[in-house]
Amino acid sequence: MLTREIKELFEKQASLYDFTNTFLSVGIDDLWRKRVAQSLCLPNNARVADIATGTAEVAIHIAKQNPTVKIVGLDFSPNMLKFGNKKITKFHYNNILLLSGDATALPFQKNSFDALTIVFGIRNIINREQALEEFYSVLTPQGQLVIMEFGFPEAPLFRSLYLFYFNHLLPWIGNLLVSSDHAYSYLRDSVHKFPSPEKFMEILRSVGFKKIQRVSFTGGIVDLFKAFKE
Ligand SMILES: C[S@@+](CC[C@H](N)C(=O)[O-])C[C@H]1O[C@@H](n2cnc3c(N)ncnc32)[C@H](O)[C@@H]1O
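A word on the nonpolar core. Within the largest apolar cluster, 46 residues are counted, with the highest numbers of intra-cluster contacts made by Ile62, Ile96, Met148 and Phe150. The contact partners of phenylalanine 150, leaving out residues within four places of it in the chain, are Trp32, Phe120, Arg123, Tyr162, Leu187, Val191, Ile221 and Val222. Formed by 29 residues, the second largest nonpolar core is a distinct cluster that contains Leu74, Ile118, Val138 and Leu139.

Before going further, it helps to spend a moment on the site of the ligand. For the ligand, the set of nearby residues contains 18 residues, the closest of which are Tyr17, Arg33, Ala52, Asp75 and Val119. Alanine 52 places a main-chain nitrogen or oxygen 2.8 Å from a nitrogen atom of the ligand. Expressed as a share of its isolated accessible area of 600 Å², the protein-covered part of the ligand is 97%. The residue makeup of the shell around the ligand, split by class, is ten nonpolar, five polar and three charged.

All right, on to the packing of aromatic side chains then. What the rule picks out here adds up to twelve aromatic pairs. Where tryptophan 32 meets phenylalanine 150, the ring centres are 6.1 Å apart and the plane angle is 85 degrees; that geometry is what we call edge-to-face. Here phenylalanine 150 lies in strand β5 (residues 139-150) and tryptophan 32 lies in helix α3 (residues 28-38), a separation of 118 residues in the sequence. Residue classification places tryptophan 32 among the buried residues on the basis of a relative accessible area of 6%. Relative to phenylalanine 113, the ring of phenylalanine 108 lies with its centre 4.9 Å away and its plane at 70 degrees, an arrangement referred to as edge-to-face. Of the residues examined, phenylalanine 108 reaches a relative accessible area of 17% and is grouped as buried. Among the aromatic residues, those joined into a ring-pair cluster are Phe152, Phe158, Tyr162 and Phe166. Note that lysine 7 overlies the ring of phenylalanine 76, its terminal NZ or CZ placed 5.9 Å from the centroid. Cation over ring: lysine 211 sits above phenylalanine 228, and NZ or CZ is 4.9 Å from the ring centre.

Conventions adopted
- Positions within a chain are numbered from 1, following the residues in the order the chain's sequence is written.
- Note on the predicted model: pLDDT of at least 70 is required for a residue's local features to be given, and 80 or more for side-chain atom pairs to be given and counted; whole-chain, interface and lining totals, by contrast, use all residues.
- With hydrogens and water stripped out, all remaining heavy atoms of the structure feed into the side-chain values.
- As used here, the term nonpolar core means buried Ala, Val, Leu, Ile, Met, Phe, Trp, Tyr and Cys residues forming a set that is joined through side-chain atoms within 4.5 Å.
- We call a residue buried when its accessible area falls under 20% of the maximum for its residue type, exposed when it is over 50%, and partly exposed in between, using a 1.4 Å probe and counting protein chains only.
- Contact definition: two residues touch when any of their heavy atoms are within 4.5 Å.
- Being near a molecule or strand, for a residue, comes down to having at least one heavy atom within 4 Å of it.
- N or O atoms within 3.5 Å of each other form a polar contact, as long as, within protein, one can give a hydrogen and the other can take it, and as long as residues adjacent in sequence are counted only when both atoms are side-chain atoms.
- In these tables, accessible area is a Shrake-Rupley quantity obtained with a 1.4 Å probe, and a residue counts as shielded only by the protein chains included in the view.
- Three classes are used: nonpolar for Ala, Val, Leu, Ile, Met, Phe, Trp, Tyr, Cys and Pro, charged for Asp, Glu, Lys and Arg, and polar for all others, with Gly counted as polar.
- Planes of paired rings set the category: under 30 degrees apart is stacked, over 60 is edge-to-face and the rest tilted, where pairs are Phe, Tyr or Trp rings (Trp by its six-membered ring) whose centres lie within 6.5 Å.
- Helix and strand definitions here come from DSSP, where helices need a minimum of 4 consecutive H or I residues and strands a minimum of 2 consecutive E residues; each element is numbered from the N-terminal end.
- Two conditions define a charge located above a ring, namely a distance within 6 Å from the ring centre to NZ of Lys or CZ of Arg, and an angle within 35 degrees of the ring normal.

Okay, structure coming up:
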């Protein structure tokens, strides 16, 4: 898919995005995002960028856990941001600012964030290495990067059951829920095309990131990658 088509896909499904995620993951997605916020070690008054923030779910988890933090959420889909802004206004998260922008050309100065998160976003970015270089550049020297992405379970029985759900049921139910013939087939295909965890850690290393760690959740359904600039 082209970048323009990916943007259009999120623009169209924005109103149902939170609901379908919760439905298809039976609510575990919220726990995964919470783990991202918990994995950050932040100083007081830290500055955090949540890239591909979508409807700001991760930004909100970070704000809940770190009252003094200032968060900028960035996404190229104005519609996803619109739904994020509704939640931010309703629950008075005055320390979150949502901006429209592209992950491959960040509108931020070098060395300006203590942490950068991207959750279920990096897989959707065609020019992935350019985005990672941007992330590296805007982090402070002590800055940390946290990426969460879908993976596949390793335990054979769980893997077979999950693959049946993920390859067949999820695209079918997901497409039905959002009245699309491709939104959730794209999710399936993009997860299969994403590099293996080992390869992805190699890519992070090649961009310059150090102390790269990986933690898997829910038997390997998602991976959390943590890396540092120095
Ligand atoms: C699967 S959603 C994840 C949203 C959110 N992080 C979450 O946890 O629910 C992927 C998001 O990435 C955004 N996105 C994809 N490519 C992007 C790019 N190049 N620049 C900015 N946002 C992008 C999409 O608009 C979409 O909101």
